[in-house]
Amino acid sequence: MEISKIYKIIDQLLKKTEARELKWDSSGVDDEFQVSLLSSIIIVGKGEDSSGTIYYLRIYNLKGDKIFHNSFSMGEQFHKLGSLFREITEYYFKADDTINNTLDELNDELI
């Protein structure tokens, strides 16, 4: 398997997540999210190891077999997966929307 293809997958996941074109769900594990595509299930997560924060990517085929797994603790892919993870959590938890709507609601009630 060419690692350059995995890097392209990370780039496309980030691009499509930023555009809100993918529907991410919790995987059932803390700090881990998954998206189901027509040909695969992709999991992105955040963890800790002896060097500090890591981000990881797993890809499964439709039968549930793991076909790729790697974690990144530094470098360009670490930063890209970190950005992807932050985009996913914003999409999933809708934190900014919730805060903004709460402020709007409170402002409306105070007027």
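Here the structure is shown first, and the text comes after it.
Residues numbered from 1 in each chain as written. Predicted model: local features only at pLDDT ≥ 70, side-chain atom pairs only at ≥ 80, totals over all residues. Heavy atoms only, no water.

## Re the packing of helix 1 (residues 3-18) against helix 2 (residues 76-93)
Reasoning step 1: The contact between helix 1 and helix 2 brings their axes to 9 Å, and the two run at 30°. As judged from the angle between their axes, helix 1 and helix 2 are roughly parallel. Helix 2 is crossed by helix 1, and the crossing has left-handed handedness. In this structure, helix 1 contributes Tyr 7, Ile 10, Asp 11, Leu 13, Leu 14, Thr 17 and Glu 18 to the contact, and helix 2 contributes Gln 77, Lys 80, Leu 81, Ser 83, Leu 84, Glu 87 and Ile 88.
Reasoning step 2: Across the contact of helix 1 with helix 2, the residue classes tally to seven nonpolar, three polar and four charged. (Axes fitted to C-alpha atoms, helices over the stretch in contact; angles between N-to-C directions. Helix = DSSP H or I, 4+ residues; strand = E, 2+ residues; numbered from the N terminus. Parallel < 35°, antiparallel > 145°, perpendicular 65-115°, else oblique. Left-handed = near helix turned anticlockwise from the far one by under 90°. Contact = heavy atoms within 4.5 Å. Nonpolar A, V, L, I, M, F, W, Y, C, P; charged D, E, K, R; others polar.)

## Examining helix 1
Reasoning step 1: Along its 16 residues, helix 1 runs 23 Å from first to last C-alpha, staying within 8% of the 22 Å computed at 1.5 Å per residue.
Reasoning step 2: Looking only at helix 1, the buried set comprises Ile 6, Ile 10, Leu 13, Leu 14 and Thr 17. All buried residues of helix 1 lie within an arc of 95° about the axis, which places them on one face of the element. Facing away from the buried side of helix 1 by over 90 degrees, the exposed positions are Lys 8 and Lys 15. (Expected span 1.5 Å × (residues − 1). Buried < 20%, exposed > 50% of the residue type's maximum accessible area, 1.4 Å probe, protein only. Arc of directions from axis to C-beta.)

## Describing the pairing of strand 3 (residues 41-49)
Reasoning step 1: Pairing analysis gives five bridges linking strand 2 (residues 32-36) to strand 3, with the strands arranged antiparallel. Bridging across to strand 3, Val 35 finds its partner in Ile 42.
Reasoning step 2: If you look at the hairpin formed by strand 2 and strand 3, you'll find four residues sitting between the two strands.
Reasoning step 3: In this sheet, strand 4 (residues 52-60) lies alongside strand 3 in antiparallel orientation, the contact comprising nine bridges. Within strand 4, the position partnered with Ile 43 by the bridge is Arg 58.
Reasoning step 4: What sits between strand 3 and strand 4 in their antiparallel hairpin is a turn of two residues. (Pairing = 2+ DSSP bridges.)

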